[in-house]
Amino acid sequence: MIPLKYLLDHKEEVIQRLKVKHFDASEIVKQIEEKNVLRKKTQAETDAKLAELNQISKEIGSLFKQGEKAKAEEQKKYTLELKDQIQELQHQLSDLEKQIDELLVFLPNIPHNSVPEGKGSEDNLVVRQGGVTAEPNNGLPHWDLARKYDIIDFELGNKITGSGFPVYKGKGAKLQRALISFFLDEALKAGYNEVLPPFLVNEDSGFGTGQLPDKEGQMYHVQTDNLFLVPTAEVPVTNIFRDVILNEEDLPQKYTAYSPCFRREAGSYGKDVRGLNRLHQFDKVEIVVIEHPHRSYEQLEQMLLHVEGLVQKLELPYRIVKLCGGDMSFSSALTYDVEVFSMAQNKWLEVSSVSNFENFQANRLKLRYRDKETKKNNLCHTLNGSALALPRIVAAILENFQTEEGIRIPDVLKPYTGFDYIK
RNA sequence: GGAGAGAUGGCAGAGUGGUCGAAUGCGGCGGUCUUGAAAACCGUUGUACCCGCGAGGGUACCGGGGGUUCGAAUCCCUCUCUCUCCGCCA
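Rules used in this analysis
- Residues numbered from 1 in each chain as written.
- Chains lettered and ligands numbered in written order.
- Predicted model: local features only at pLDDT ≥ 70, side-chain atom pairs only at ≥ 80, totals over all residues.
- Heavy atoms only, no water.
- Pairing = 2+ DSSP bridges.
- Helix = DSSP H or I, 4+ residues; strand = E, 2+ residues; numbered from the N terminus.
- Buried < 20%, exposed > 50% of the residue type's maximum accessible area, 1.4 Å probe, protein only.
- Polar contact = N/O pair within 3.5 Å; in protein donor to acceptor, adjacent residues only side chain to side chain.
- Contact = heavy atoms within 4.5 Å.
- Domains from an automatic or database assignment.
- Axes fitted to C-alpha atoms, helices over the stretch in contact; angles between N-to-C directions.
- Parallel < 35°, antiparallel > 145°, perpendicular 65-115°, else oblique.
- Left-handed = near helix turned anticlockwise from the far one by under 90°.
- Nonpolar A, V, L, I, M, F, W, Y, C, P; charged D, E, K, R; others polar.
- Core = buried A, V, L, I, M, F, W, Y, C linked by side-chain atoms within 4.5 Å.
- Expected span 1.5 Å × (residues − 1).
- Salt bridge = Lys/Arg side-chain N within 4 Å of Asp/Glu carboxyl O.

Visitor: Break down the sheet that holds strand S7 (residues 227-229) for me, with residues and values.
Guide: Taken in spatial order, the 3 strands of this open sheet run S5-S7-S6, and their pairing is antiparallel. Taken across any chain shown, the strands that pair with only one partner, and hence form the sheet edges, are strand S5 (200-201) and strand S6 (221-222). Bridge count for S6 against S7 is 2 bridges, and the pairing is antiparallel. Note on S7: the bridge partner recorded for Val 222 is Leu 227.

Visitor: Outline the pairing of strand S12 (residues 334-342), listing residues and values.
Guide: Summarising burial for S12: 9 of the 9 residues are buried, a large majority. What you see with S12 is no split at all: Leu 334, Tyr 336, Val 338, Val 340 and Ser 342 on one side and Thr 335, Asp 337, Glu 339 and Phe 341 on the other are buried throughout. Where S12 and strand S13 (residues 347-356) come together, 9 bridges link them in antiparallel fashion. In the sheet register, Thr 335 faces S13, and the bridge partner there is Ser 355. Count of turn residues in the S12/S13 antiparallel hairpin: 4 residues, of which Asn 346 carries a positive phi of about 55°.

Visitor: Explain the side chain of Asn 124 to me, using residue names and the numbers behind them.
Guide: Structurally, Asn 124 is set in the loop between helix H4 (69-104) and strand S1 (125-130). A relative accessible area of 14% means that Asn 124 is categorised as buried. Reaching out from Asn 124, the side chain makes a polar contact with the backbone nitrogen of Cys 324 at a distance of 2.8 Å. Side-chain polar atoms of Asn 124 contact the side chain of Asp 327, separated by 3.0 Å. If we skip the residues at most four places from it in the chain, Asn 124 touches Val 321, Lys 322, Leu 323, Cys 324 and Asp 327.

Visitor: Lay out the environment of Arg 242 in plain terms, naming residues and giving numbers.
Guide: With respect to the helices and strands, the residue Arg 242 is situated in the loop between helix H9 (234-238) and strand S8 (245-247). Look at Arg 242 and you get partly exposed, because its relative accessible area is 26%. Each C-alpha atom, one on Arg 242 and one on Gln 299, is 21 Å from the other, the two residues being 57 residues apart in sequence. A polar atom in the side chain of Arg 242 sits 3.0 Å from the side chain of Ser 205. Side chain to side chain, Arg 242 and Asn 239 meet in a polar contact 2.8 Å long.

Visitor: Can you explain the domain arrangement of chain A? Please cite residues and give values.
Guide: Split by domain assignment, chain A resolves into domain 1 (4-104) and domain 2 (121-422). Taking only C-alpha atoms, the centre of domain 1 and the centre of domain 2 are 44 Å apart.

Visitor: Just give me the short version of the packing of helix H3 (residues 26-65) against H4, but keep the residues and values in it.
Guide: At a minimum axis separation of 8 Å, H3 and H4 run at an interaxial angle of 160°. Considering the angle they form, H3 stands roughly antiparallel to H4. Considering only the axes of H3 and H4, their crossing is left-handed. In terms of residue class, the contact of H3 with H4 is built from 19 nonpolar, 11 polar and 12 charged.

Visitor: Describe the nonpolar core, listing the residues and the values that go with them.
Guide: As a rule of thumb, nonpolar side chains are buried together in soluble globular proteins. Grouped together as the largest cluster of nonpolar side chains are 63 residues, with contacts concentrated most on Ile 152, Leu 179, Phe 183, Val 340 and Ile 393. Core analysis: the next-biggest nonpolar cluster, separate from the first, contains 17 residues, Ile 32, Ile 100, Leu 104 and Val 105 among them.

Visitor: Can you explain the side chain of Thr 79? Please cite residues and give values.
Guide: Relative to the helices and strands, Thr 79 resides in helix H4. Filtering out sequence-adjacent residues up to four positions away, Thr 79 remains in contact with Leu 53, Ile 56 and Ile 60.

Visitor: Now, about helix H10 (residues 296-313): what can you tell me, with residues and values included?
Guide: Between its first and last C-alpha, H10 extends 26 Å over 18 residues, near the 26 Å set by a 1.5 Å rise per residue. Every buried residue of H10 is accounted for by Ser 296, Gln 299, Leu 300, Met 303, Leu 304, His 306, Val 307, Glu 308, Gly 309, Leu 310 and Val 311.

Visitor: Account for the pattern of salt bridges, with residues named and values stated.
Guide: Counted by the stated rule, this structure contains 15 salt bridges. Between Arg 408 and Glu 315 there is a salt bridge; the shortest N-O distance is 3.2 Å. Here Glu 315 lies in the loop between H10 and strand S11 (318-322) and Arg 408 lies in strand S18 (residues 406-408), a separation of 93 residues in the sequence. In this structure Glu 315 comes out as partly exposed when scored by relative accessible area, which is 28%.

Set out below in structure tokens:
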């Protein structure tokens, strides 16, 4: 949520920059402005009346003490009238506040200056590319390999739960565990603190990171307890900092967490969602950083380097793209995607998304730091990224490293898997 | 699941209808003293919004929501959470 004050102080700028996200904010901003003028006026009136009531109440108290009962009763009558007026004003005020909030929630985050124009993924900007040559190898796609080596069973998952819930078996299961450990260890080395958060969150947390109220359909909802299965560890981890005021010198706060991720997303059908490409449950290691506003873009680059290091160590061909306005998420100011090339599918698979949300999330979370100089509380910047999501990494490993002897395991993973090949 | 107790500022903890945004202690910050530090002493120390160029003033907040009252941290209702005991259990 864009902070109200910032929005009103930078109206034209916000409207201009939201156009990069193909969002026309002019009407909403106008409404917010009008309602805010009314809100201020209403609050001033309400506060004045409340002050009067408080004053009279004090007087009544001392009148009673002095035994001047008649005078006190007189005053009481007047307060009845006052209270009616106050009640009316307070209703108006809370209505206005609610209306402003509802409008504010509609506005996507302001994209960073460097965000390229564009409609969709085809307009994203390739920042750099790395790893061994990215070419199709005419190999088997991972869903065939999974069956060949009996390491991932999609049909069995269908039977137990439904589509999008595969069963990993034998070396396939071990490979999952290996990747999770590898990713966590790498994050630890890079200075992130490990946490293992709850996998169900309450409504407040869903609201804090922006899944609620409008993206409710993307999460699995446990109705009896009104809890939500986490769509990413970002939700529980970022909410550690809900309603928190940090000292300036405590920034940055760097966290990493593994969690299974549950996503209902209906999505499209066909090749894009085959096999491991899109699942309802998958595993991911996430990195989350709370940073000083002055340093958040430096931090974003650091996080990107960390993620890049992971795909490099896994020997996968990759590229980094900066998302264009049209392809960015609602709450992001700048996002890099890291994609690995799948040789058998002959396409790029998104394995990580690293974003700076600036103060958009922090505003909802009420996550602030105390400025050392001014002693004022300012909103922090929040950033996060996948480091990494497992399924597409597994897909790429299977497809890119298939040999006649079996699937070759990248060197860095061997200490974790305990085997060199999946045969 | 059954029975009981409780939720107050960064923490501990007092406050059972007006003098309470809230005693006191600890912690934090500033200062005096000291070569420096500690101790001691003095001062200061919540958040948000509104009015004001500013100085300053106002309002709200004692787990959440609602009610009684001229007036609520304090009384009533309700929800959530925590603790203790019993039961069950990885």
